[in-house]
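If you want the building blocks of each chain, they are given just below.
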Amino acid sequence: MSIRVLHCIHSLSGGGAERQVQLLVAESRNAGMEPGIFCVNDAGGERISRSVPIYKSKRSVKYNYSLFGSLHEAMRHFRPNVLHAWLPASMTIPAMLVAFAHRVPSVFSYRNKMFFNRPLTVPEYVCALMAASRVVSNNPVGRSNLAYRALYKLKRGVEIKNAVHVDARFKKQPADPNPDPVRTILFAGRITAQKNWRCLLRAMPLIDAQHSYRLTICGDGEDARELRDLVDELKLQDKVTLLGYRRDLYAIMQSADVLVFPSWYEGMPNVLLEALAIGIPSIVSDIPSHRDLIGDTRCAMTFNPNSPAELASRISEFFANPSYASEMARAGWNIAEAHTPLAMAGQYRDFYRDMMAGRSRATTSYS
């Protein structure tokens, strides 16, 4: 029997969690699940099969009490066996509470290392403690604080890594060295303190002067104005292109020479995983989540995220050694092949089944 899973998330476009929901939903039926989605903003829903029902909040603002009524109606209509609360807290709190009221088992997601650093994290934690049936994390729980580690243990949490899917037409083929003397450096991600964009910009003037480069930045976020100000302060206007959020990111990756990913921390680094699948060489911060993904392979170069000078040195070294590109690309493809959406969907199916077995005596109510 197929497991009916209602995925609750604020939006269907944007960051890593949103992309993972899309990948999971796309492979759900192949793994024995019937997916449904509840959201506030369905922009991006056009990329989801029309056979997947999408339920929306009556109001499109982030914080609104109508979520409870809208979720109740979605539960009555879809009749899920499992509710999966993804993010943010403004969605997970009502989702877990409504599931609890309907006596439907719910999943609370850890999408990064978890600690009390955002609005609503304390009430979200209390809600998960009271109402969630299980916890699933996309990264090792040992990186989260003691309270979240305790919740993970109490709720018999499991770790399921993210998946990646890149259309074959975007795969970057190893080729002769780029004849263009101006090399393209790419940054992709939200413009926030976590992504350490300041280190990247401060490294640019330190790159060996014999190399000509252009930095392309894809993404938007709360630090976007500060980023533009620092570009002006460092007099990088002629070397930096700000593209904002782009849906054609894979095509932009394909045309770049190297991706730089300088984050202070990540849960599961989706952008890096996508870059590996495409075959774009990467220079990444030396942090646990990056080391977990790349292991001891030569698919990426690492640097100290505190050191713009070390980042500049790595970029200069990469530009000076044309053979690095094909070596890194081949190693990256091998890693990406182990993170397919179907494999991820199978892991979630087994996790949901185990959760349902533990609740087999509970009575589900849709009244």
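Remember, it's a predicted structure, so these values are computed and weren't measured experimentally. (Residues numbered from 1 in each chain as written. Predicted model: local features only at pLDDT ≥ 70, side-chain atom pairs only at ≥ 80, totals over all residues. Heavy atoms only, no water.)

Visitor: What am I meant to see in helix H12 (residues 324-336) here?
Guide: Residues spaced three or four apart along an α-helix point in a common direction, a consequence of the helix completing one turn every 3.6 residues. Here H12 spans 18 Å end to end across 13 residues, near enough to the 18 Å set by a 1.5 Å rise per residue. For H12, the set of buried residues is Tyr324, Met328, Ala329, Ala331, Gly332, Trp333, Ile335 and Ala336. Structurally, H12 contributes buried residues whose contacts are with helix H9 (270-278), strand E12 (282-285), helix H10 (288-294), strand E13 (300-303) and helix H11 (308-320). (Helix = DSSP H or I, 4+ residues; strand = E, 2+ residues; numbered from the N terminus. Expected span 1.5 Å × (residues − 1). Buried < 20%, exposed > 50% of the residue type's maximum accessible area, 1.4 Å probe, protein only. Contact = heavy atoms within 4.5 Å.)

Visitor: I would appreciate a short explanation of the pairing of strand E5 (residues 106-110) in the present structure.
Guide: For a regular strand, the rule is simple: side chains alternate between the two faces of the sheet. Across the five residues of E5, five count as buried, placing the element largely inside the fold. Of the two faces of E5, the one lined by Ser106, Phe108 and Tyr110 and the one lined by Val107 and Ser109 are each fully buried. Bridge count between strand E4 (residues 82-85) and E5: three bridges; the pairing is parallel. By the bridge assignment, alanine 85 is partnered in E5 with phenylalanine 108. Considered for its hand, the β-α-β crossover made up of E4, helix H3 (residues 89-101) and E5 is right-handed. Sheet topology places E5 next to strand E6 (residues 134-137); four bridges connect them, and they run parallel. Within E6, the residue paired with valine 107 across the bridge is arginine 134. Where the polypeptide runs from E5 across helix H4 (residues 121-131) and back to E6, its parallel neighbour, the crossover connection is right-handed. (Pairing = 2+ DSSP bridges. Right-handed = clockwise from strand over helix to strand, strands pointing away.)

Visitor: Is there a simple way to explain H3 in this structure?
Guide: The terminal C-alpha atoms of H3, which comprises 13 residues, lie 18 Å apart, in line with the 18 Å expected from a rise of 1.5 Å per residue. With ten of its 13 residues buried, H3 lies for the most part within the structure. Where H3 is concerned, the buried positions are Ala89, Ser90, Met91, Thr92, Ile93, Pro94, Ala95, Met96, Val98 and Ala99. Considering only its buried residues, H3 is in contact with strand E1 (3-8), strand E2 (33-39), helix H2 (66-78), E4, E5 and H4. A positive backbone phi angle near 60 degrees is found at arginine 103, which sits one or two residues after H3.

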